[in-house]
2 protein chains.
Amino acid sequence: MSAQQSVGIVTPQVARFDEPLALTCGRQLDTYELVYETYGELNASRSNAVLICHALSGNHHAAGYHSADDKKPGWWNECIGPGKPIDTNRFFVVCLNNLGGCHGSTGPSSINPATGRPWGPDFPPLRTRDWVHSQARLADYLGIGCWAAVIGGSLGGMQAMRWSLEFPDRIRHCIVIAAALKLSAQNLAFNEVARQAIESDPDYFGGNYQSSNTVPARGLALARMIGHITYLSDDAMANKFGRDLRSGSLSRGEDSNAEFQVQSYLRYQGSQFSGHFDANTYILMTRALDYFDLALEYDNDPVAAFRHAQCSFLVISFSTDWRFSPERSREIVDALIAAERPVTYAEIDAKEGHDAFLMPIPRYLDVFRAYMRRVGDET
Amino acid sequence: MSAQQSVGIVTPQVARFDEPLALTCGRQLDTYELVYETYGELNASRSNAVLICHALSGNHHAAGYHSADDKKPGWWNECIGPGKPIDTNRFFVVCLNNLGGCHGSTGPSSINPATGRPWGPDFPPLRTRDWVHSQARLADYLGIGCWAAVIGGSLGGMQAMRWSLEFPDRIRHCIVIAAALKLSAQNLAFNEVARQAIESDPDYFGGNYQSSNTVPARGLALARMIGHITYLSDDAMANKFGRDLRSGSLSRGEDSNAEFQVQSYLRYQGSQFSGHFDANTYILMTRALDYFDLALEYDNDPVAAFRHAQCSFLVISFSTDWRFSPERSREIVDALIAAERPVTYAEIDAKEGHDAFLMPIPRYLDVFRAYMRRVGDET
């Protein structure tokens, strides 16, 4: 473990909520738990709190380490810590595992109190709005009236935008990284194939695999492989693997499996993921992505939508991101400008594709840090 | 059936070869059959023959109809027929099902004479070079010394390029549409996930599904869905489906399956394909694609490779093709120019993505027709 420029060892906490949460689908959750981590100190005026919203396969462990011999830090350790863009010397940072998740918060693998068995596929479908409302409950629980900033990349950026519309007086800055106003048909298509891969795994049992003591590991691995391709740019893959063969020389003989390095890499990614992620959660979260459409209830007009926001915005995109391309971020920026909201936009030249939002790209960190300094100066 | 501007009703023919074919992998096929169709008439000087090479999931049925009540013409009916770019009033057109295929030519679903059982996964792995050599045998069989043109799109274009190097004195024109000198890491990655989908289907049985009277239909459907996404541009998908829901209105209630039109379309495509294509053939053909690398044996120098060619080239790409983008075609063209080979290049503005090569796009057909007229004038 390297604690340098790190928040050090962190311990997840659990908040339990007993007031029912009404969901977009019309159902409600009577009780639920949210697991979260915090980094830094809440100041006396409670004005320096920042919420981190995670993406598709993320969780509450955004920074630091869970133990002294923990080798892997939280998923956004590059951006959260002392002196980092989200500076824990200045901010009180909160990151939770979203409702429906599989890392401690109530979700499909939790016990349904009505049946005494895991929810499985009967867990209510969630929308981004539901996450935002549950996050507002967590803010109440922590005594945070207004976030200095709500921040997220990808699906996390969608939650940040939804915050600006659902609770305009509880968010001062909205930071939207590598996101979009809604998914394109191609985005929908990739999510569909990923879900199909899971659902057609015979070990899926219609989602009731826990009761059957199985895990749809093959389907989930395939889903992850498909996702992974869309997170990387063609260039990033070329730089990382090219057409290199595992053996180093081109076998012209009989085929073996996974001769190319990129293929064994994908297999590894897939099998790692399927060992620790819940398939029903993956399905739930991709559906939330599919249905996210910021302007739907505002006559499909993002300008009309953003007129309800009162905060300032930072929007960041990455040049080789083909999942949510810079063009999609410019749609957000154009709507914000037309809605006369304060917005800063940076398109970062980066070869890493969508994954760039997790990477220590100097110009990205510089822009992010400079903006957050301004946010901090207001607290 | 519409026979207008069509070659009309065509009947596949079978050629049997008893001279062993040595394969790149070191093994050989002692005997094999190739199924093929021909359109138009071979002229007295046998100088007007054109070879069509098919792509990943193609076959020998490129034009016309198989019966009077056949509703679906051959796969390249837009380009082959009287008055069409490949004008059957002028050319004798030959299209075969490649070795290893599943539409009549010897392949994994054929009987292995050594065992009396289907080859299945024991069918020798093939390279593009093997296809070209088997196609040369078919040319011998048909009495064709030199093709007026060898033509192909996608993987078919790779065969056409390989022809120009393996048999430089048997090809006068090489027409390469929506192809590349080799696959990118991203291309390899998509093929890998497609194969993984098939191989992780429990009905695959390590490729011996025929002996088990099963078909890995779910895996093959997934593979096709993944492929299909890469054939269409994001724009084409947006124009075709957008985010339209099947029901026409956004259900905010419980999730049902495949709510978005693009999702039900993909499911349909996948299930249709898995009903008529052989999984082992799909694996074999994607591996041939993976290993295609035109310049590998020429010190990885495409210029050195093309110096062995003696024919003229037409190269065509499509603006929104992200599987084999215009940039990949320009690599071919640049190498041809540096090798001082005659080359015509057209980048066609088209919104259909990779699939554009099968579509009746006016400028595409015009360029193609004009070039083929020149080819015909030489015969």
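Residues numbered from 1 in each chain as written. Chains lettered and ligands numbered in written order. Predicted model: local features only at pLDDT ≥ 70, side-chain atom pairs only at ≥ 80, totals over all residues.

So what exactly am I meant to see when it comes to the overall build of chain A here?
When helices and strands are tallied, chain A shows 10 helices and 14 strands. The C-alpha atoms of chain A give a radius of gyration of 21 Å, which matches the 21 Å a tight globule of 379 residues would have. Dimensions of chain A, computed from the C-alpha atoms along their principal axes, are close to 70 × 50 × 50 Å. Looking at chain A as a whole, 55% of its 379 residues qualify as buried. Taking the intrachain contacts of chain A between residues at least 6 apart in sequence as the baseline, contacts between residues at least 24 apart amount to 72%. (Helix = DSSP H or I, 4+ residues; strand = E, 2+ residues; numbered from the N terminus. Rg over C-alpha atoms; globule rule 2.2 N^0.38 Å. Buried ≥ 20, exposed ≤ 12 C-beta atoms within 10 Å, placed from the backbone. Contact = placed C-beta atoms within 7 Å.)

Looking at this structure, how should I read unusual backbone geometry?
Residues and elements named next belong to chain B. Even without being a glycine, A178 presents a positive backbone phi close to 50°. With respect to the helices and strands, A178 occurs in the loop between β12 (173-177) and α3 (185-199). Phi is positive for D299, close to 55°, though the residue is something other than glycine. Its place among the elements puts D299 in the loop between α7 (279-291) and α8 (302-306).

Honestly, the interface of chain B and chain A in this entry has me stumped. Any pointers?
How large an interface is tends to be reported as the accessible area lost when its parts come together. Contact with chain B, which involves 40 residues of that partner, is made by 40 residues of chain A. Those elements that place two or more of their residues in the side of chain B that touches chain A are α3, α4 (217-231), α5 (234-240), α6 (261-274) and α7 of chain B. Considering every element that reaches the side of chain B that touches chain A, the biggest residue donor is α3(B), with nine residues. Looking at the side of chain B that touches chain A residue by residue, the classes come out as 21 nonpolar, nine polar and 10 charged. (Nonpolar A, V, L, I, M, F, W, Y, C, P; charged D, E, K, R; others polar.)

Which parts of the structure should I look at to understand the sheet that holds strand β11 (residues 149-153) of chain A?
Strand pairing in a sheet relies on backbone hydrogen bonds, with the paired strands running either antiparallel or parallel. Residues and elements named next belong to chain A. The mixed open sheet is built from eight strands, whose spatial order is β1-β4-β8-β5-β11-β12-β13-β14. Two strands bound the open sheet, and with one partner strand each, they are β1 (13-17) and β14 (343-348). Each neighbouring strand pair of the sheet contributes to a mean axis angle of 20°, computed without reference to strand direction. Helix-sheet contacts for helix α10 (residues 362-377) involve β11, β12 (173-177), β13 (312-318) and β14, and the interaxial angle to β14 is about 165°. (Pairing = 2+ DSSP bridges. Axes fitted to C-alpha atoms, helices over the stretch in contact; angles between N-to-C directions.)

I keep staring at the relation of the copies chain B and chain A and nothing clicks. Help me out?
For the pair of chain copies, the relating transformation is a rotation about an axis with a translation along it. When chain B is fitted to chain A, the residual RMSD is 0.0 Å, and the transformation amounts to a turn of 180° plus an axial shift of 0.0 Å. Read as a symmetry element, the transformation amounts to a two-fold axis. (Least-squares fit on C-alpha atoms with pLDDT ≥ 70 in both.)

What should I look at first to understand the pairing of strand β4 (residues 32-39) of chain B in this one?
Residue and element names in this part refer to chain B. In terms of residue burial, β4 counts as a mostly covered element, since seven of its eight residues are buried. Sheet topology note: the strand β1 (residues 13-17)/β4 ladder contains five bridges and is antiparallel. Following the sheet pairing, Q13 is matched in β4 by Y36. Pairing geometry for β4 and strand β8 (residues 92-96), over four bridges, is antiparallel.

Sorry, what's going on with the confidence of the model for chain A here?
Close reading of the predicted structure is inappropriate where its pLDDT is low. Residues and elements named next belong to chain A. Across chain A, the average pLDDT comes to 94, with 96% of residues at 70 or higher. The low-confidence segment residues 248-255 (pLDDT under 50) makes 11 contacts with residues lying over four places distant or belonging to another chain. Two numbers describe this predicted complex: its pTM, 0.93, and its ipTM, 0.91. (pLDDT = per-residue confidence, 0-100.)

I tried to follow the nonpolar core on my own but got confused; where do I start?
Buried together is how nonpolar side chains tend to be arranged in soluble globular proteins. One finds A:V50, A:V193, A:I226, B:V50 and B:V193 to be the most contacted residues of the largest nonpolar core, which totals 234 residues. Among all residues touching A:V50, those that are not within four sequence positions of it are A:I86, A:F91, A:F92, A:V93, A:V94, A:W147, A:A148, A:A149 and A:I151. (Core = buried A, V, L, I, M, F, W, Y, C linked by C-beta atoms within 7 Å.)

What is the right way to look at helix α1 (residues 128-142) of chain A in this model?
Because each turn of an α-helix spans 3.6 residues, side chains separated by three or four positions in sequence point in the same direction. All names here are of chain A. Between its first and last C-alpha atoms α1 spans 21 Å; for 15 residues at 1.5 Å apiece the expected length is 21 Å, and the two agree. Those residues of α1 that sit buried are T128, R129, D130, W131, V132, S134, Q135 and A139. Among the structural elements, β2 (21-22), β4 (32-39), β5 (49-53), β8 (92-96), α2 (155-166) and α7 (279-291) are those in contact with the buried residues of α1. The first or second residue beyond α1 is G143, which carries a positive phi of 75°. (Expected span 1.5 Å × (residues − 1).)

How should I be thinking about the environment of A:D122 in this particular structure?
Residue and element names in this part refer to chain A. Looking at the secondary structure, you find D122 in the loop between β10 (117-118) and α1. The exposure class of D122 is partly exposed, given the 14 C-beta atoms found within 10 Å. With 86 residues separating them in the primary sequence, D122 and N208 have C-alpha atoms 9.0 Å apart.

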